[in-house]
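Listed here are the chains, written in short residue letters.
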Amino acid sequence: MTQHIGIHDIAFATGHYALDLADLARVHGVAVDKFRIGLGQQVQTVAAPDEDIVTLATAAGQQILARHGSDGIQTILLATESGIDASKAAAIYVQDLLGLPNAVRAVELKQACYGGTAALHLAAALVARDPNQRVLVIASDVAAYDLDSGGEATQGAAAVAMLVTADPAVAVLDPVSGLFTSNVMDFWRPTYRSTPRVDGKLSVAIYLDAVEHAWKDYEARGGHRYTDFGAFCYHQPFTRMAYKAHSRLLEINGCAATPQQLDADLLATTHYNRMIGNSYTASLYLGLMSLLDHTDDLTGKPVAMLSYGSGCVAEFFSVTPVSGYREHLRAEANRAALADRRPISYDRYRALRESAQTGAGGDVEFDAVTTSGFRLSAVTDDKRIYQPVAR
Ligand code: CAA
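Residues numbered from 1 in each chain as written. Predicted model: local features only at pLDDT ≥ 70, side-chain atom pairs only at ≥ 80, totals over all residues. Heavy atoms only, no water.

Some remarks on the packing of helix α7 (residues 239-252) against helix α8 (residues 259-266)
Next up, step 1: Relative to each other, α7 and α8 sit at 110 degrees, their axes nearing to 10 Å. When the interaxial angle is binned, α7 and α8 end up roughly perpendicular. Crossing angle aside, the handedness with which α7 passes α8 is right-handed. Between α7, through A242, Y243, H246, S247 and L250, and α8, the contact on the second element is made entirely by Q261, L262, D263, D265 and L266.
Next up, step 2: Across the contact of α7 with α8, the residue classes break down as 5 nonpolar, 3 polar and 2 charged. (Axes fitted to C-alpha atoms, helices over the stretch in contact; angles between N-to-C directions. Helix = DSSP H or I, 4+ residues; strand = E, 2+ residues; numbered from the N terminus. Parallel < 35°, antiparallel > 145°, perpendicular 65-115°, else oblique. Left-handed = near helix turned anticlockwise from the far one by under 90°. Contact = heavy atoms within 4.5 Å. Nonpolar A, V, L, I, M, F, W, Y, C, P; charged D, E, K, R; others polar.)

Following this line, the structure appears as structure tokens:
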């Protein structure tokens, strides 16, 4: 069985609109620095009415298939916590829209923001069983909180697609994981609600405790030493959270968490999340893409990865970039994807939110807005209809 399994390619897609948090700060009656410095967020992606986790996931997956084709893909794992159906897997729509063969398994995974990490590790196990197969992993979320709530400033939307294979071209998934699960109520979304229930302060405290527990388990299982890591990448509900988490890790390891040290260790991981907002399952992997796109050579240097999903599950693991990985990065295209979003005013954003059809049922047609590959054109008889975007 090959031990060299990991990320062969990685791509992201985000939504149509960009809301400047200066506008939200004005409406919330707070200083813009609360969002820009206190939370570390500048802009948030707002999904168009004809975008959802399926269109975002498909847009990310299309980039992977355009580069590698679909040969050998027998499984598509889609992680989300903003699911569109309590029974049918969103992965099935994506399998169809991507034109993947029918001879695949298509499954949706859920455990808050941790689901993408579960999918990555399950994918690696499938490839270990048969190194000829490739698994398409997609983490896709639209993060929406109650209007006027504290969480509203952390909203966002994005999908990250990863092709998991043997002998990967980007990064190997290292074998040791530190794990932590605990039944807590920090953030959850009952099925009747379109926005989560959240105890924000508790969620921050539990995230930090989870970092400590997952790290201690990682150490106990014989993982890398703290000093072995070339970089550190955290789940980023807002980018300052990574700074809080890394401070905890430094503290546990007896190191000083100076602002300079924190910036040196983390800044490169925050560029995309700062401009997109929380993308739940995709957030950690957007952080990884930002790191790879904005750091000098990391070949052979393990990147510490901390995945956290409220509720809660955390995993501390690492990926190690392989020789030649930088030839497979697309930093310019990634930055262009952010720049391509259309600015949206606060009033327009609020109108979109207030008119959103959430859980009401009934037939609805959506205006054609998105310019990505596919759009949600209608819901008819509770069936979602997706169509290619007219060029
Ligand atoms: N200039 C600079 N900084 C300022 C400032 C100013 N003018 N005004 C305030 N700040 C700072 C505050 O000091 C604070 O920093 P510290 O945390 O370092 O003390 C920061 O801005 C935020 O201020 P508040 O704590 O007062 O903000 P808030 O009451 O609006 O709540 C929050 C913040 C709890 C994170 C809220 O946004 C929230 O509920 N978010 C959703 C939940 C969440 O993201 N939880 C994270 C952990 S759970 C997880 O990771 C899973 C997931 O994805 C959801």
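Next comes the rest of the description.
As for the packing of aromatic side chains
Next up, step 1: One pass over the structure, following the stated rule, counts 15 aromatic pairs.
Next up, step 2: Look at Y145 and F187: their rings are 6.0 Å apart centre to centre, the planes differ by 75 degrees, and that puts the pair in the edge-to-face class. With Y145 in the loop between β6 (134-143) and β7 (156-166) and F187 in strand β10 (residues 187-188), this pair connects stretches of sequence that are 42 residues apart.
Next up, step 3: By relative accessible area, which is 7% here, Y145 ends up buried.
Next up, step 4: Following the ring pairs from residue to residue traces out a cluster consisting of W215, Y218, Y226, F229, F232 and F316. (Phe/Tyr/Trp six-rings, centres within 6.5 Å; stacked < 30°, edge-to-face > 60°. Buried < 20%, exposed > 50% of the residue type's maximum accessible area, 1.4 Å probe, protein only.)

Describing the pairing of strand β1 (residues 5-14)
Next up, step 1: The buried fraction of β1 is high, at 10 of 10 residues.
Next up, step 2: Bridge count for β1 against strand β8 (residues 171-173) is 2 bridges, and the pairing is antiparallel. Bridge pairing in β8 places G6 opposite V172. (Pairing = 2+ DSSP bridges.)

Examining the domain arrangement of the protein
In many reports, interface size means the accessible area that the parts give up when they come together.
Next up, step 1: In terms of domains, the protein is made up of domain 1 (5-169 + 329-388) and domain 2 (173-323).
Next up, step 2: Computed from C-alpha coordinates alone, the two centres of domain 1 and domain 2 are separated by 20 Å.
Next up, step 3: Between domain 1 and domain 2, the contact holds 59 residues from the first and 42 residues from the second.
Next up, step 4: Between domain 1 and domain 2, the buried area comes to about 4,100 Å², and carbon and sulfur atoms account for 60% of it.
Next up, step 5: If you sort the residues of domain 1 by the area they bury against domain 2, C113, Y114 and Y145 come out on top, with a joint share of 14%.
Next up, step 6: In this assembly, domain 1 and domain 2 are joined by 1 salt bridge. (Domains from an automatic or database assignment. Buried area = accessible area lost by both parts, 1.4 Å probe. Salt bridge = Lys/Arg side-chain N within 4 Å of Asp/Glu carboxyl O.)

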